[in-house]
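Examining the three-dimensional arrangement
What follows is each chain in one-letter form.
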Number of protein chains: 2
Amino acid sequence: MQGAVRLGLVGFGTIGTGVIKLLQRNRALIASKVGVPIELVRVADIDLTRDRGVRLPHGVLVPDAAAILEDPNIDVVIELVGGTGAARRFVLEAIAAGKDVVTANKALLAHHGGEIFAAAERAGVEVGFEASVGGGIPIIRTLKEGLAADRCSAVYGIVNGTSNYILSRMSSEGGEFAAVLKAAQADGLAEADASFDVDGIDAAHKLALLIQLAFGVRVPLTAISAEGIRHISQIDMSFAREFGFAIKSLAIAKRQGDRIEARVHPTMVRRQHLLADVNGALNAIVVQSDALGASMYLGLGAGMMPTATAVLADVMAVARDRLHGSRGRVPPLGYPVRKQPRARVVPLDELESEYYLRFMVVDRPGVKENFGCGDATLTPASGVG
Amino acid sequence: MQGAVRLGLVGFGTIGTGVIKLLQRNRALIASKVGVPIELVRVADIDLTRDRGVRLPHGVLVPDAAAILEDPNIDVVIELVGGTGAARRFVLEAIAAGKDVVTANKALLAHHGGEIFAAAERAGVEVGFEASVGGGIPIIRTLKEGLAADRCSAVYGIVNGTSNYILSRMSSEGGEFAAVLKAAQADGLAEADASFDVDGIDAAHKLALLIQLAFGVRVPLTAISAEGIRHISQIDMSFAREFGFAIKSLAIAKRQGDRIEARVHPTMVRRQHLLADVNGALNAIVVQSDALGASMYLGLGAGMMPTATAVLADVMAVARDRLHGSRGRVPPLGYPVRKQPRARVVPLDELESEYYLRFMVVDRPGVKENFGCGDATLTPASGVG
C-alpha cells in the first residue's frame, strides 16, 4: 500500500483550473474517503504565465508533458488537452508507462476509444472518462456499474449544454439563432468557434460513448447522423409552442435487434415530458432498461467546477484501486473491449416515416403519466426547421 | 482468483423473486462483465410451497437461513427478509462468518446501520444497500462514488413511491385519501398495512441513510420528523392547484453549519419545478452540492424488477472486489464509519417561520430557470393540510 497517489495534469485550461481548485478545497475530505492523500505533483501547459486564479507551488507548472509522462513517480495522468492529436499521444504514452489515465475528452474517445481502451486493458491500467459525457452527472458510472445487471434498450437526452442554452433562450426571450449565439459567446457561455456544439458533433461524440456503455456494442462514428440547431427559427419555436411542444436538441440511441438507431437532431418534445423542462446549460439523460424501466439523470453538463467533480471522482476510483491492488477491476467500458461487437446503424431513411407515426400517437390521453419511457412521449420529429 | 461467486438468498418474497428472475435472464451478460459466473446456490424461506413463478433446481430452496449462514461455500448473502429482528441477526452472522452482504432493508440500516457498518469494516467484508433507497436508481452509488469529490449541502426528493402514487392519483383523478389508498391496495400498489409508507416512516428511514451518505454525519433517527399524507384532502389539492403548486411528500435534508435539517412532510412544490411532474410510483432525488450544483436522479423507486437491478448491481460490485482481492475497497458509506460524527437535527420550530419566508419568495421571475437548486424553487411549505 502506497503513501499517496500522485497526479500529473496535462492541459491547464478551464477544467484543469477547476480540478486544481476542487482538489485544494477538498483535500482532507478526499484523503479521508480514499484513505491516503492525493497529491498533484506536476501540471504541464504551454502557457506558463497566464493567471488562472489558483496557486501552484514553485516548480509544479512545467511547459512539457514529457515531464509528466516520463516521471516514474507519477501514478495518474489527467489529460485535459482536448482534441485528438497530442491528446491521443499523451494518453497512449501514459498507458504504455503503466500510468492510469483520467480524461474529459469525448472527441478523443469517440475517435480512438477502441485503441485506447484495448491498450489500457492490455497494460492493466485504468481509463476514467466520467467527465466526457454529462459533465458532473455520473452517467458513465451509472451505465457501467449502477445498471450493470440490466439490459438497456434506449439512451437519449440533452447532452450539449451550449445548444440547450441557445434553444432555451430562443424560446424564453425570443431572438433568432445567430443573435442568441452571439450573445452567448459574449457571455462566455459558448465557444468562439461553436461549431462542435451547435452542429451536433459534440453530441454525436458523446452518443458514440453512451452507445458503447449502454448496449455493449460499437457503431462507426461516421454512421451517427448529426443535425445541428442553426436552422431553427422563431417560426419553429412558435409552431412548437402552439402545439404543446418544446424544441430540444436530442442525442438518441435505441437498440433495434442487432442494429442501433443513433442520431442527433432537433426534436419536438411534448411539453409534459420532463426533458421539455430541462433548460439552460443543464444536461439530462434518459436510460430505458428492461428491468428498471426509464430512469433519468440531470445536472450541469459542462463548466469548470461541475466537470472537475467528475474528473476527481475518477481519480478517487483509480486511487482506491491502486491502494487495494485492484487496477482493472472494472474495464473502461464496464466489460472487456475485446468482447465488444460492432453493430450497424439503422439508416436514417428507415426511421423517417416512423417519426411521424410517433408524432401522431403522442396526443392520446394518459401518455403524460408514463414520463416518457417509450417512443410515444419522446415524440422525435425530425426536421422541425 | 476464484471460479465463481456463490450467492445465498434469505427471504424469497417479491424482491427475491425478481433477483432470481434477473439473474437467470442475464446470467451470461453478468458473467461476461464481471469475469466469472455468479451462482445462486441456496435460497432460504419459511414458505417452501408457494409458486413464485421461477424455477429453482432441486435442493436450492431450504427452510432455514442457517443453511446459508453456516455454509462456508457461500460468499455473498442477500438479505431480503425485511424488518429489524431476524434480518439484523442474519446480517451480523453473515458478516461474522466473513461473507459479504447485500440488502434492500432501509429499516434495518436506519436503526442498526452503525453496528452493521462497523462490524463489516472490522471484518473486511462489504455491505451493499443500493436497493434500500430509490429502488433501482443508483443514488447510493452516486453519493458514495460519483459525487465523492464534492461537498453536498442538501439532498431532498420523492423517496416513497406509494405516497407519491396516492398523491398523484388524488391530484389527477380526484377522490379522498382513504378511497385512493383502498384502490391502490386493491391494485397491489400499496401494502395491506400501508402505515410505513403513508405516515412518512419509510421515507424517514431512507432520509437517515441519505444524510449519512451525503453529509458524512449521522443524526438520531428519532430526530427526523415524519409527517404523512393521511390528512391531505381534495380541498388542499385544489388550493395548491389554484396557486400553481403540486402537493408532494418530500424527504428533505440540508446542512446548516454543524446541524442538519431533516424532515419528511407534504410539501407545496411549484408547478415549474421538475419534482412537480414526478408522478405515480416514480422516485426522484435532488442533490445540491458545492461544485456540481443541483443534480437529479429519477426512476422507479420500488417494485420487483427495478429493485432487483439494484441488488444485482451490488452483487456484481462485491463479486468484482472478491475477484480482485479488494474487498472493503469502498466502505459501506463511502468513508470509514469510525470517522462519522454525530450531528444534531435543527428543531422543527426553528424551521417553521423560514418556510413561509421561502414561500413568499417563490413567485419572483426567473426562479423557474434555476431548476430548483435553492430553497426558493423548492418552496417547502409545511402543514398544507
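Everything quoted here is computed from the prediction, not taken from an experiment.

So, how was this worked out
Residues numbered from 1 in each chain as written. Chains lettered and ligands numbered in written order. Predicted model: local features only at pLDDT ≥ 70, side-chain atom pairs only at ≥ 80, totals over all residues. Helix = DSSP H or I, 4+ residues; strand = E, 2+ residues; numbered from the N terminus. Rg over C-alpha atoms; globule rule 2.2 N^0.38 Å. Buried ≥ 20, exposed ≤ 12 C-beta atoms within 10 Å, placed from the backbone. Contact = placed C-beta atoms within 7 Å. Domains from an automatic or database assignment. Expected span 1.5 Å × (residues − 1). Core = buried A, V, L, I, M, F, W, Y, C linked by C-beta atoms within 7 Å. Pairing = 2+ DSSP bridges. Axes fitted to C-alpha atoms, helices over the stretch in contact; angles between N-to-C directions. Least-squares fit on C-alpha atoms with pLDDT ≥ 70 in both. Nonpolar A, V, L, I, M, F, W, Y, C, P; charged D, E, K, R; others polar.

Okay, the overall build of chain A next. Looking only at helices and strands, one finds 14 helices and twelve strands in chain A. Against the compact-globule benchmark of 21 Å for 385 residues, chain A has a radius of gyration of 21 Å, which places it among compact chains. Principal axes of the C-alpha set define a box for chain A whose edges measure 60 × 45 × 35 Å. The burial tally for chain A puts 57% of its 385 residues in the buried class. Across chain A, contacts joining residues at least 24 apart in sequence account for 75% of those joining residues at least 6 apart.

Turning next to the domain arrangement of chain A. Residues and elements named next belong to chain A. On domain assignment, one finds that chain A holds domain 1 (5-135 + 303-339) and domain 2 (140-301 + 347-378). Computed from C-alpha atoms alone, the centre-to-centre distance between domain 1 and domain 2 is 29 Å. Each partner contributes residues to the interface: domain 1 has 18 residues there, and domain 2 has 25 residues. Top contributing element to the side of domain 1 that touches domain 2 by residue count: helix α5 (residues 106-123), with six residues.

Right, let's talk about helix α1 (residues 14-25) of chain B for a bit. Because each turn of an α-helix spans 3.6 residues, side chains separated by three or four positions in sequence point in the same direction. Taking 1.5 Å as the rise per residue, α1(B) with twelve residues should run 16 Å; its terminal C-alpha atoms sit 16 Å apart, in good agreement. Where α1(B) is buried, its residues touch β1 (5-10), α2 (27-34), β2 (38-44), β4 (76-79) and α12 (304-323) of chain B.

The subject of this paragraph is the nonpolar core. Burial of nonpolar side chains together is a common tendency in soluble globular proteins. Of all hydrophobic cores here, the largest spans 260 residues; its most connected members are A:L207, A:A253, A:V311, B:L207, B:A253 and B:V311. Excluding its chain neighbours within four sequence positions, the residues that come into contact with B:A253 are B:A154, B:V155, B:Y156, B:L207, B:L210, B:I211, B:A214, B:I260, B:E261 and B:A262.

We now examine helix α10 (residues 201-215) of chain B. Residue and element names in this part refer to chain B. For α10, which comprises 15 residues, the first-to-last C-alpha distance of 21 Å matches the rise-based estimate of 21 Å (1.5 Å per residue) to within 8%. With 14 of 15 residues buried, α10 is to be regarded as a mostly interior element. Trailing α10 by a residue or two, G216 shows a phi angle of about 75°, which is positive.

Read from one edge to the other, the open sheet built from twelve strands follows the order β8(A)-β10(A)-β9(A)-β7(A)-β11(A)-β12(A)-β12(B)-β11(B)-β7(B)-β9(B)-β10(B)-β8(B), with strand pairing classed as mixed. Either end of the sheet is taken by a strand with one partner, and the two such strands are β8 (225-226) of chain A together with β8 (225-226) of chain B.

With that out of the way, let us pick up the sheet that holds strand β5 (residues 100-103) of chain B. Residues and elements named next belong to chain B. Spatially, the six strands line up as an open sheet ordered β3-β2-β1-β4-β5-β6, and their pairing is parallel. Lying at the two open borders of the sheet, with one neighbouring strand each, are β3 (61-62) and β6 (127-128). Where β1 meets β2, six bridges bridge the pair, whose relative direction is parallel. In the strand pairing of β2, G8 is matched with R42. α12 rests against β1, β2, β4, β5 and β6 of the sheet, and its axis sits at about 165° to β5.

The subject of this paragraph is the relation of the copies chain B and chain A. Mapping chain B onto chain A is achieved by rotating through 180° and translating by 0.0 Å along the same axis, at an RMSD of 0.0 Å. Here the two chains are linked by the operation of a two-fold rotation axis. Using C-alpha coordinates, one finds that chain B approaches the rotation axis most closely at B:Y297, a distance of 2.5 Å. Taken as a fraction of all interface residues of chain B, those also at the interface in chain A reach 100%, which identifies the copy contact as same-surface.

Glancing now at the interface of chain B and chain A. Opposite the 52 residues of chain B that make contact, chain A presents 52 residues. When residues of the side of chain B that touches chain A are traced back to their parent elements, those giving at least two are α2, α6 (139-146), β12 (293-300) and α12 of chain B. Counting residues per element, the side of chain B that touches chain A draws most heavily on α12(B), at nine residues. Residue classes in the side of chain B that touches chain A are distributed as 27 nonpolar, 15 polar and ten charged.

Before going further, it helps to examine the pairing of strand β10 (residues 259-270) of chain A. Residues and elements named next belong to chain A. Most of β10 is tucked away, with eleven of its twelve residues classed as buried. With two bridges connecting them, β8 and β10 associate as parallel partners. When the bridges of β10 are listed, S225 appears paired with R263. Of the strand pairs in this sheet, strand β9 (residues 245-256) and β10 are connected by twelve bridges, and their pairing is antiparallel. Across the sheet, the residue bridging to L250 is H265, located in β10. Hairpin geometry of β9 and β10 is characterised by an intervening segment of two residues between the two adjacent antiparallel strands and by a positive phi of about 65° at G257.

Moving on, we get to the pairing of strand β9 (residues 245-256) of chain B. All names here are of chain B. Judged by how many residues are buried, β9 sits mostly within the fold: eleven of twelve residues are covered. As paired elements, strand β7 (residues 152-158) and β9 share four bridges and run antiparallel to each other. Residue pairing in the sheet places A154 in a bridge with K254 of β9.

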